[in-house]
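Coordinate inspection notes
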Amino acid sequence: MAKQEKSALTRELGGIVCLSSSILLACSLISYDWHDIPRLYSPHSSNNWVGIFGAYLGFAGYSLVGWSANLLPLAVLFLGVSALFRNHFHLRNSALWMA
């Protein structure tokens, strides 16, 4: 396998992972309810679309950056789409620039 083909494969794989992460993060933030966290409230079942993992992911997002957490799925979506459709895209450099 040539170096260029391997680079394209890792770039596309990174784009697919970013798109999947963006969808997971968006679903966990949209359906977030603080009653889903067992330490704050003892629920019978989680109402979050992603489950208990999504409840904790939403809790961490809103606790760390507040309502700006709603922009994180858009940023990850942009990275994923750019990685898939741009030929000379370096995911690592772009992710560091956004941080």
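A few points on the structure. It should be emphasised that the depicted structure is a prediction, and the values quoted were computed from it without experimental measurement.

A few words on the overall build of the protein. Helix and strand content of the protein: four helices and zero strands. Along the protein, from the amino end to the carboxyl end, the secondary structure elements read α-α-α-α. The 99 residues of the protein split such that 26% are buried. Counting only contacts in the protein whose residues sit at least 6 apart along the sequence, the fraction spanning at least 24 positions is 45%.

For the rest of this paragraph, the subject is the packing of aromatic side chains. The final tally for this structure, using the stated rule, is two aromatic pairs. When the centroid spacing of 5.3 Å and the interplanar angle of 50 degrees are considered together, the rings of Tyr32 and Tyr62 count as tilted. Pair noted here: Tyr32 is in the loop between α1 (3–30) and α2 (52–65) and Tyr62 is in helix α2, with a separation of 30 residues, a long-range link. Judged by its relative accessible area of 22%, Tyr32 is partly exposed.

A word on the side chain of Ser31. Residue placement: Ser31 occurs in the loop between α1 and α2. For Ser31, a relative accessible area of 11% gives the class buried. Reaching out from Ser31, the side chain makes a polar contact with the backbone nitrogen of Trp49 at a distance of 3.0 Å. Residues in contact with Ser31, not counting those within four places in the same chain, are Asp36, Asn47, Asn48 and Trp49.

Now for the environment of Leu71. Topologically, Leu71 is positioned in the loop between α2 and α3 (72–85). For Leu71 and Ala26, which are 45 residues apart along the polypeptide, the C-alpha to C-alpha distance reads 9.2 Å.

For Ser22, the position within the fold is in helix α1. Given the relative accessible area of 5%, Ser22 is considered buried. One polar contact links the side chain of Ser22 to the main-chain carbonyl oxygen of Pro73, over a distance of 2.8 Å. When residues no more than four places from it in sequence are discounted, the contact partners of Ser22 are Pro73, Val76 and Leu77.

This part is about α2. Compared with the 20 Å implied by 1.5 Å per residue over 14 residues, the 20 Å span of α2 between its first and last C-alpha is a close match. For α2, every residue scored as buried is listed here: Gly54, Ala55, Gly58, Gly61 and Tyr62. Buried residues in α2, looked at end-on, bunch into an arc of 130 degrees, giving them a common side. Exposed residues on α2 whose side chains face more than 90 degrees from its buried face are Phe53 and Leu64. With its phi angle positive at about 70 degrees, Gly66 sits one or two positions after the end of α2.

About the cut-offs
Residues numbered from 1 in each chain as written. Predicted model: local features only at pLDDT ≥ 70, side-chain atom pairs only at ≥ 80, totals over all residues. Heavy atoms only, no water. Helix = DSSP H or I, 4+ residues; strand = E, 2+ residues; numbered from the N terminus. Buried < 20%, exposed > 50% of the residue type's maximum accessible area, 1.4 Å probe, protein only. Contact = heavy atoms within 4.5 Å. Phe/Tyr/Trp six-rings, centres within 6.5 Å; stacked < 30°, edge-to-face > 60°. Polar contact = N/O pair within 3.5 Å; in protein donor to acceptor, adjacent residues only side chain to side chain. Expected span 1.5 Å × (residues − 1). Arc of directions from axis to C-beta.

Taken by themselves, the reported measurements are silent on function.
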